[in-house]
Amino acid sequence: MTAAPSARKSRPMATHEKVYGRNAARAVLDTRMEDVVRIAYGVDERGWIGPYLREAAARRLPYAELDEVGLESLAESLHHEGVILVTRPRRVLDGHALYERLVASERFACIALDGVTNPHNIGAILRTAAFLGIDAVCIHGDAHRAPLTPAAVRI
């Protein structure tokens, strides 16, 4: 027996997410600045991140320039590339909302991942899917955990 589809269109996966890496951070800052809660960056990132920090100040968002140890501690990774964002979680569509988008579109491409758990593999697949114009990626996993780790988002 199957459960009835949820009436909710999307649901948050976690309280906050960390996004690190220059390209991933730029993508978030450009497309969903309203979800940014905090910005941390290293001295070498001052140039490109300056305009985003002015926007953060206008929005009264905290930001801080941290040394390498502070960045590694916040990111819980050596691969932060000098910038870390703490954000509200991305919204994740439930199956019913995904189906509604599928039938409402003239063209809709979705790929499904089952059993892919390595964040580097997931990140590479997402990067390729974005390049190919894929509209959605379904990742099978624990419903109470965000399917994308900060490492997958960075890749």
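First things first, this report covers the structure right here in the doc. (Residues numbered from 1 in each chain as written. Predicted model: local features only at pLDDT ≥ 70, side-chain atom pairs only at ≥ 80, totals over all residues. Heavy atoms only, no water.)

## Digging into the nonpolar core
As a reminder, the rule being used: In plain words, nonpolar cores are sets of buried Ala, Val, Leu, Ile, Met, Phe, Trp, Tyr and Cys residues tied together by side-chain atoms within 4.5 Å. Accessibility here uses a 1.4 Å probe with only protein chains present; expressed as a share of the type maximum, an area under 20% marks a residue as buried, one over 50% as exposed, and anything in between as partly exposed. Counting from the N terminus, the helices are DSSP H or I runs at least four residues long and the strands are E runs at least two residues long. Contacts are assigned to residue pairs that have any heavy atoms within 4.5 Å of one another.
Residues Leu29, Val36, Ile39, Trp48, Ile49 and Leu85 are the most contacted members of the largest nonpolar core, which totals 17 residues. Contributions of two or more residues to this core are made by helix H1 (22–31), strand S3 (36–41), helix H2 (46–58) and strand S5 (83–87). Here the element with the most residues in this core is H2; it accounts for 5 residues. Leu85 has contacts with Glu17, Lys18, Val19, Ala25, Val28, Leu29, Val36, Arg38 and Ile39, leaving out every residue within four places of it along the chain. If you look at the next biggest cluster of nonpolar residues, it comprises 6 residues, including Leu71, Leu74, Ala75 and Ile84.

## Topic: the packing of aromatic side chains
Rules: Pairing of aromatic side chains here covers Phe, Tyr and the six-membered ring of Trp, requires ring centres within 6.5 Å, and sorts the geometry by plane angle: under 30 degrees stacked, over 60 edge-to-face, intermediate tilted. Charge-over-ring placement is defined geometrically: NZ (Lys) or CZ (Arg) within 6 Å of the ring centre, and within 35 degrees of the ring normal.
Scanning all chains against the criterion turns up 1 aromatic pair. Aromatic pair Trp48 and Tyr52: ring centres 6.0 Å apart, planes at 70°, arrangement edge-to-face. Here Tyr52 and Trp48 lie together in helix H2, a separation of 4 residues that amounts to about one turn. As far as the burial class goes, Trp48 and Tyr52 line up, both buried. The residue whose ring lies beneath Arg26 is Trp48, and the NZ or CZ to ring-centre distance is 4.4 Å.

## A look at H1
What counts here: Taken from the helix axis, the directions to the C-beta atoms give the arc we talk about.
Within the sequence span of H1, burial applies to Ala24, Ala25, Val28 and Leu29. Down the axis of H1, the smallest arc covering the buried residues is 130°, so these residues share one side. Opposite the buried face of H1, at more than 90 degrees from it, the exposed residues are Asn23, Asp30 and Thr31.

## Examining the sheet that holds S5
Here is the rule we go by: By definition, two strands form a pair when at least two bridges between them are found by DSSP. Helix axes are fitted only over the stretch in contact, all axes being lines through C-alpha atoms; the angle between N-to-C directions runs from 0 to 180 degrees.
Reading across from one edge, S2-S5-S3-S4 is the order of the 4 strands in this open sheet, with mixed pairing throughout. Across the chains shown, the open sheet's two edge strands, defined by having one partner strand only, are strand S2 (17–20) and strand S4 (63–65). Averaged over all pairs of adjacent strands, the angle between strand axes in this sheet comes to 15°, irrespective of strand direction. Pairing of S3 with S4 involves 3 bridges; the strand directions are parallel. Bridge assignment links Ala40 to a residue of S4, and that residue is Ala64. Along the sheet, H2 makes contact with S3, S4 and S5, crossing S3 at roughly 150°. Sheet strands in contact with helix H3 (residues 68–75) are S2, S3 and S5, and its direction is about 145° off that of S3.

## Digging into the side chain of His80
Inclusion rule: What qualifies as a polar contact is a pair of N or O atoms within 3.5 Å, subject to a donor-acceptor requirement within protein and to the restriction that residues adjacent in sequence count only when both atoms come from side chains.
Structurally, the position occupied by His80 is in the loop between H3 and S5. In this structure His80 comes out as buried when scored by relative accessible area, which is 3%. A distance of 2.8 Å separates a polar atom in the side chain of His80 from the backbone nitrogen of Gly82. With near-sequence residues (within four places) excluded, His80 lies in contact with Tyr20, Gly21, Glu68, Leu71, Glu72 and Ala75.

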